[in-house]
Amino acid sequence: MLRKTLYVLIILGTGLAVAPVYIQRGIIRNFADVTDYKFFDNAVVKKGNPQPWKIKPAEQQISPDEKTLKEIEKRKSIAFLVIQNDSIQYEKYWKGYSENSLSGSFSMAKSVVSLLMGIAIAEGKVRSIEDKISDYIPEFDRDDTRDVKIKDVMTMSGGFKYVESYWNIFGKTSQTYYGDNLHEVIGNLKKEHNPGEIFYYSSAETQIIAWVVENAYGISIPELASEKIWSKIGAEHDALWSLDKENGTAKAFCCLNSNARDFARLGKLVLQNGIWDSNQVIPADYIKAATTAASWLKDENGHQVNYYGYQFWILDYKGMKIPYFWGILGQLIFIIPGKNAIVVRLGEDIAEKSIGEHSIDSYFYLDAAFEVLK
């Protein structure tokens, strides 16, 4: 029996050793985690001049009630931060995390890529959102993809065949998340339906946006994020953007790593219509377009897309239109213009139940914030 077990282990070990990198990594890591930046190669996204947040005096702060706090903790949160009028109103951390702790953003990074596209258009590096992706990426200058516009991939309607699943280590998501050649995987994607018609959430389409921007500038997404955004918004810490390999391509669809306070600055940038310290970092008209739903589209269920713009989610709640950044494990940055507020939640899990296209957790964390923002 022992000999048979040994033979099985040897066979499995040999098979793993010759398997593609993404399968090896997928088996070892099992499922995406907020600490995956420790496992990947990373590029530094450099800060500029730090601008610490003002903090409301502790004796004046309003906390969510005890039941709400217990529920936040139960949902495997690691950070909950509420900012209003440029001042921290409430802040709490769990599981040993603090205001200085790095944590993965997952798909919140998609919205950052969108902001970089807005800058690229404003600076004339990308002529128009109506341009074809093949104008910037030669790999897509082929019959089946030549008609795809930047606007299509910005709204997740590029029509590419890609199944968004972190559970299948043999699938495209595993290849893009764990693999070591993003351009090869993305450049070989096939079309599944006509562009500009059907909304289908796909990390591959964000990676295409990043590829367009990188080719337009001739430098990497982490370098662009450093120069165009992170160094301009008062970040207190450098961030990390995970790569597919050493000195490789940024996993632009998922993997900007930072902390709650610095993530909140991205929310403030959107809240202020792209302005920071009187400087127009992102064009205001682009912010408006990015956070307006692509209502001309239908999703795969035939419903009007009234919940997604240019890589931003949009929630209508309590009479307010609330755009937000969203990541797979409940990484959230809410922008609440009606209250001049930003809410950040970071964590290790999100509820599977949803109301429409939004997780029930989105409503829960907003309600928790509203307890603070009375």
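Residues numbered from 1 in each chain as written. Predicted model: local features only at pLDDT ≥ 70, side-chain atom pairs only at ≥ 80, totals over all residues. Heavy atoms only, no water.

Colleague: Break down the packing of aromatic side chains for me, with residues and values.
Modeller: On inspection of all chains with the given rule, the structure shows 23 aromatic pairs. Taken together, the aromatic side chains of Phe199, Tyr201, Tyr307, Tyr308, Trp313 and Trp326 make up a single cluster linked through ring pairs. Above the ring of Tyr177, the side-chain terminus of Lys251 is found at 6.0 Å from the ring centroid. (Phe/Tyr/Trp six-rings, centres within 6.5 Å; stacked < 30°, edge-to-face > 60°. Lys NZ or Arg CZ within 6 Å of the ring centre and 35° of its normal.)

Colleague: So what's going on with the pairing of strand β14 (residues 332–336)? Residues and values would help.
Modeller: With five of five residues buried, β14 lies mostly within the body of the structure. Neither face of β14 is left uncovered, since the one carrying Leu332, Phe334 and Ile336 and the one carrying Ile333 and Ile335 both have all their residues buried. What sits between the antiparallel neighbours strand β13 (residues 320–326) and β14 is a turn of five residues, in which Gly330 has the positive phi angle 85 degrees. Strand direction decides the pairing type here: β14 and strand β15 (residues 341–347), joined by five bridges, are antiparallel. Each bridged residue has a counterpart across the sheet, and for Ile333 the counterpart in β15 is Val344. Once β14 ends, the chain turns through four residues before running back antiparallel as β15, passing Asn340 with a positive phi of about 50 degrees. (Buried < 20%, exposed > 50% of the residue type's maximum accessible area, 1.4 Å probe, protein only. Helix = DSSP H or I, 4+ residues; strand = E, 2+ residues; numbered from the N terminus. Pairing = 2+ DSSP bridges.)

Colleague: Go over the nonpolar core, please, and point to the residues and values.
Modeller: Judged by nonpolar contacts, the single largest core of 87 residues is most densely connected at Ile229 and Trp241. What Ile229 contacts, discounting residues up to four positions off in sequence, is Val112, Leu115, Leu116, Ile119, Leu224, Leu266, Leu269 and Ile282. Phe199, Tyr317, Met320 and Ala341 belong to the second largest nonpolar core, which has 36 residues in total. (Core = buried A, V, L, I, M, F, W, Y, C linked by side-chain atoms within 4.5 Å. Contact = heavy atoms within 4.5 Å.)

Colleague: Mind laying out helix α10 (residues 260–271), listing which residues take part and the relevant values?
Modeller: In a regular helix each residue adds 1.5 Å, so twelve residues correspond to 16 Å; α10 covers 16 Å between its end C-alpha atoms and thus fits that length. Among the twelve residues that make up α10, twelve are buried, leaving the element largely enclosed by the rest of the structure. Within the sequence span of α10, burial applies to Ala260, Arg261, Asp262, Phe263, Ala264, Arg265, Leu266, Gly267, Lys268, Leu269, Val270 and Leu271. Where α10 begins, the capping side chain belongs to Asn259, and its oxygen is found 3.2 Å from the backbone nitrogen of Arg261. Once α10 ends, the next one or two residues include Asn273, with phi positive near 55 degrees. (Expected span 1.5 Å × (residues − 1). Polar contact = N/O pair within 3.5 Å; in protein donor to acceptor, adjacent residues only side chain to side chain.)

Colleague: If you had to explain the packing of helix α4 (residues 108–122) against helix α8 (residues 203–217) to someone new, which residues and values would you point to?
Modeller: Two numbers describe how α4 lies on α8: the axes approach to 10 Å, and their chain directions differ by 35 degrees. Crossing of α4 over α8 shows left-handed handedness. Where α4 abuts α8, its residues Lys110, Val113, Leu116, Met117, Ile119 and Ala120 lie against Ser203, Thr206, Ile209, Ala210, Val212, Val213 and Tyr217. Across the contact of α4 with α8, the residue classes break down as ten nonpolar, two polar and one charged. (Axes fitted to C-alpha atoms, helices over the stretch in contact; angles between N-to-C directions. Left-handed = near helix turned anticlockwise from the far one by under 90°. Nonpolar A, V, L, I, M, F, W, Y, C, P; charged D, E, K, R; others polar.)

Colleague: A description of the environment of Ser220 should follow, citing residues and the corresponding values.
Modeller: You can see Ser220 is positioned in the loop between α8 and α9 (221–228). Sequence separation between Ser220 and Leu373 is 153 residues, and the spatial gap between their C-alpha atoms is 39 Å. At 3.0 Å, the side chain of Ser220 and the side chain of Glu223 are in polar contact.

Colleague: Provide a residue-level description of the environment of Val148, including the pertinent values.
Modeller: Topologically, Val148 is positioned in the loop between α4 and α5 (150–154). A relative accessible area of 0% places Val148 in the buried class. Sequence spacing of Val148 and Glu130 is 18 residues, and the spatial spacing of their C-alpha atoms is 9.3 Å. Contacts of Val148, omitting those with residues within four sequence positions, involve Asp131, Lys132, Ile133, Val153, Gly158, Phe160, Lys191 and Pro195.

Colleague: Explain the pairing of strand β3 (residues 77–84) to me, and be specific about the residues and the numbers.
Modeller: The element β3 is largely enclosed, with a buried count of eight among its eight residues. Two strands pair when backbone bridges link them, and β3 and strand β4 (residues 87–93) are joined in this way by six bridges, in the antiparallel orientation. Each residue of the ladder has a partner; that of Ile83, found in β4, is Ile88. The turn joining β3 and β4, which pair antiparallel and follow one another in sequence, is formed by two residues; a positive phi near 50 degrees is taken by Asn85.

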